[in-house]
Amino acid sequence: MSKLPWYRISLVLIVVAFIVSSFYASHSQSLTFDEPVHIQDGISVLSSRTFGLDPYNPPLTKIMAAFAVLLVKKTYESTSIYDAVMIGRGVTILLAAVLLVLVFYVGRLIFGTQVGIIAALLLASEPTFFAHSHYVTPDLGLTLAVFSCISVIVYAPFRRTNISALFTGILLGLAAVT
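To continue, consider the packing of helix α1 (residues 6-28) against helix α4 (residues 81-111). In helix packing, the relevant descriptors are the interaxial angle and the interaxial distance, both defined with respect to the helix axes. Where α1 contacts α4, the axes come no closer than 10 Å and their chain directions differ by 155 degrees. When the interaxial angle is binned, α1 and α4 end up roughly antiparallel. Every pair of crossing elements has a handedness; the one defined by α1 and α4 is right-handed. Here α1 contributes Tyr7, Leu11, Val15, Phe18, Ile19, Ser22, Phe23, Ser26 and His27 to the contact with α4, which in turn contributes Tyr82, Met86, Arg89, Gly90, Ile93, Ala96, Ala97, Leu100, Val101, Phe104 and Arg108. When grouped by side-chain class, the residues that make up the contact of α1 with α4 number 14 nonpolar, 4 polar and 2 charged.

So this is what it looks like as structure tokens:
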């Protein structure tokens, strides 16, 4: 049996601790005024393809949260607004976890493994990131999309391929609609 590298164990511990603390914080804090609006707007975009409820914020993060709500609603028949927001918060927490892992890999790629772990740990414990990581708002989706796009752009000079150019374009488009 091969031994797992220390950095993978550290990264898993950081991400799991972050997810557990974010879920605890999301259940202990009340709803914000705009979370139901974002979820309802996402449901509206999915069902009728209209952006009338909240045309000022890009729709991708709202659509992801609303899709999860609709999946659970289909299974359990009835979902209160509180339950819908909690499901949407779970999607946002998962996006934050993906951002943590991405920050680790970008730090590891550019500066080494220790810096990647430190970067992930700093991001996980940063108060503003933690505060926004469990609310259904477009903030975290935009952060993830822009960071991933910039990461691919920074990495592109090392690998000049058509795939890297295509990936950059796709991530730039995702950043625009997030």
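All chains considered together, the criterion is met by 5 aromatic pairs. Between Trp6 and Tyr7, the aromatic rings sit 6.2 Å apart at their centres with planes inclined by 90 degrees, giving edge-to-face as the arrangement. Given a relative accessible area of 45%, Trp6 falls into the partly exposed group. On the basis of an interplanar angle of 25 degrees and a centroid distance of 6.0 Å, the ring pair of Tyr7 and Phe104 is categorised as stacked. Here Tyr7 is found in helix α1, whereas its partner Phe104 is found in helix α4, with 97 residues between them in sequence. In this structure, Tyr7 and Phe104 share a single accessibility class: buried. Clustering of aromatic rings is evident, with ring pairs tying together Trp6, Tyr7, Phe104 and Tyr105.

Helix length check: helix α7 (residues 138-155), at 18 residues, gives a terminal C-alpha distance of 26 Å against a target of 26 Å (1.5 Å per residue), a fit within 8%. By the burial criterion, the buried members of α7 are Pro138, Leu140, Gly141, Leu144, Ala145, Ser148, Cys149, Ser151 and Val152.

The next subject is the nonpolar core. Core analysis: the biggest nonpolar cluster contains 19 residues, and Leu100 and Phe129 have the highest contact counts within it. Broken down by secondary-structure element, the contributors of at least two residues to this core are α1, α4, α5 (113-125) and α7. In this structure, Ile39, Ala65, Ala66 and Val136 belong to the second largest nonpolar core, which totals 8 residues.

All right, on to the layout of surface pockets then. Taken as a whole, the largest pocket holds about 400 Å³ of empty space. As for the largest pocket, its lining consists of 22 residues, of which Leu102, Leu144, Ser148, Val152 and Leu171 are closest to the centre. Looking at the lining of the largest pocket, the elements with two or more residues in it are α3 (60-76), α4, α7 and α8 (162-177). Here the lining of the largest pocket gets 8 residues from one element, more than from any other, and that element is α7. Split into classes, the residues belonging to the lining of the largest pocket amount to 17 nonpolar, 5 polar and no charged.

Procedures and definitions
Residues numbered from 1 in each chain as written. Predicted model: local features only at pLDDT ≥ 70, side-chain atom pairs only at ≥ 80, totals over all residues. Heavy atoms only, no water. Axes fitted to C-alpha atoms, helices over the stretch in contact; angles between N-to-C directions. Helix = DSSP H or I, 4+ residues; strand = E, 2+ residues; numbered from the N terminus. Parallel < 35°, antiparallel > 145°, perpendicular 65-115°, else oblique. Left-handed = near helix turned anticlockwise from the far one by under 90°. Contact = heavy atoms within 4.5 Å. Nonpolar A, V, L, I, M, F, W, Y, C, P; charged D, E, K, R; others polar. Phe/Tyr/Trp six-rings, centres within 6.5 Å; stacked < 30°, edge-to-face > 60°. Buried < 20%, exposed > 50% of the residue type's maximum accessible area, 1.4 Å probe, protein only. Expected span 1.5 Å × (residues − 1). Core = buried A, V, L, I, M, F, W, Y, C linked by side-chain atoms within 4.5 Å. 1 Å grid on protein atoms, 1.4 Å probe; cavity = no way out; pocket = protein on both sides within 12 Å on 5 of 7 lines; lining within 4 Å. Points joined across faces, edges and corners; volume = space filled by probe spheres on them.

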